[in-house]
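# A look at the structure
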Amino acid sequence: MRVLVTIVLFAVPALTNTYWELVLTATAIYSIVALGLTLLVGRVGMISLGQIALLAVGGWIALRLGFATHMAFPLLLLVTGLVTGVVGTLIGLPALRLSGLYLALITLMAAAAITLVLQATQFPNGGSGFLGYASSATGATKLDRPAFAASDTAYYRLVVVVAGLMFMLAVLHVRSRAGRAWAAIRQSQSAALAAGVNITLYKLWAFALASFMTGVAGGLLAASGGGLTVYEFPTQNSITLIAVVLMGGIYSFAGPIVAGLLFEFLPALLRLWGLPNDLLTILFGLGVLQVQLTAPAGLVNQVPKDLANLGRLALKLVRRAPAPAEQIE
C-alpha cells in the first residue's frame, strides 16, 4: 500500500505533463463523487441521479465562501461538504418512501431543477449580494488555491490526499453500525424494520454522507482547471456517472477509482486519439449491458478473474505444446 501511495503521489506527476496532471486531478475528484454514489447504490440500494447537480452545488458554495470569507482551504472544504450534505439531505427527504425507478426519477428531476437555478444565477465571481455574481465583474469563477498547493503538481497531490481521506471515511462507515444498517436495508426494508433498524435515519444518513463527499469534490473542482461554468454540469452527466459506477463495481472501494478513470481519463484518451466523444455513449452502453449480464460485481471483480483464467489457459497451452525435435548430429 505504501508503495502504491508513493507511486500515485510522486511517480505519476513526474512521468506526466501539465495536461495529464489536470486530467488525473479531475479523475481523483470524480472518484470521490463516484464513491458517494457507490455507497448509495451498492451499500443501501438507493439509485440517485442527482450527484452531478450536487457537485455543482458544492462548487457554488465553495466559490461563494471563498469570495466572501478568508477561510483556510481545508476548513472551506469541510464547510462546503457540510452545507452540501444538508442540501442533499433535504433532497432525500421526499424520496425516503421511494425506491428503484421512482427514486431515480425524483433525484433526476431535482438535478434538472438545480441546473436551471444555476443557469439563472450563475456561479459567484466576486460580485456583491448573496449570489456573489455580477455581469460586469472581471474575476474568474475559480477558487484560489492554498499557498502550499499553488502549482498543478502540488494541487494534484492535495486532491489525492483528500480523496484518500474520503475513502477512509467511507470504510469507517461501512464497518460501523451504519454500514450494518445499510446492508440490512438493502437486503430487505421489511426485515430491517422488524430488526429495529431506523430506516428513515439511516437512509438520510446515507444521503447526507454521499452529499458531503460530493460537496468536498465540488470544492476541489472549483480550484482546479480554469474555473466553473454552468455548462460543465449537464443533467445527462448524472446518467453517465451511474453507468460508470455500475461498470466499475458498486460492491468494492476500488470501483469508484475505476469509475473516475472511465468518466475523466477515458474521454481524454479519446480526444488524444482524435475519436469522437459520442463513441463514449456506445462504449458505456455496451459496458453496462455486459456488466449486468456477466459481471454484476463490476470490472474490478471480473477483470482479475478473466486475467487469471487467461493465464491458466496460456499455461495449459504451453504444457501441451510438443517438445522440439532433437537435432540429429
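About the cut-offs
- Residues numbered from 1 in each chain as written.
- Predicted model: local features only at pLDDT ≥ 70, side-chain atom pairs only at ≥ 80, totals over all residues.
- Heavy atoms only, no water.
- Helix = DSSP H or I, 4+ residues; strand = E, 2+ residues; numbered from the N terminus.
- Expected span 1.5 Å × (residues − 1).
- Buried < 20%, exposed > 50% of the residue type's maximum accessible area, 1.4 Å probe, protein only.
- Arc of directions from axis to C-beta.
- Contact = heavy atoms within 4.5 Å.
- Polar contact = N/O pair within 3.5 Å; in protein donor to acceptor, adjacent residues only side chain to side chain.

Another aspect to go through is helix α12 (residues 278–294). With 17 residues, α12 should reach 24 Å at 1.5 Å per residue; the first-to-last C-alpha distance of 25 Å fits that figure. For α12, the set of buried residues is Leu280, Phe284, Gly287 and Val291. Each buried residue of α12 lies within a common arc of 60° when the element is viewed along its axis, so the set occupies one face. In α12, the exposed positions that point more than 90 degrees away from the buried face belong to Asp278, Thr281, Ile282, Leu286 and Leu293. Lining the buried residues of α12 we find α10 (236–248) and α11 (255–272).

Moving on, we come to the environment of Arg64. Inspection of the secondary structure assignment puts Arg64 in helix α3 (residues 51–68). Distance in space between the C-alpha atoms of Arg64 and Arg175 is 35 Å, their sequence separation being 111 residues. When near neighbours in sequence (up to four residues on either side) are disregarded, Arg64 contacts Pro124, Gly127, Gly129, Phe130, Leu131 and Gly132. Looking at Arg64, its side chain comes within polar contact range of the main-chain oxygen of Gly129, at 2.5 Å. Here Phe130 takes part through its backbone oxygen, which lies 2.7 Å from a polar atom of the side chain of Arg64.

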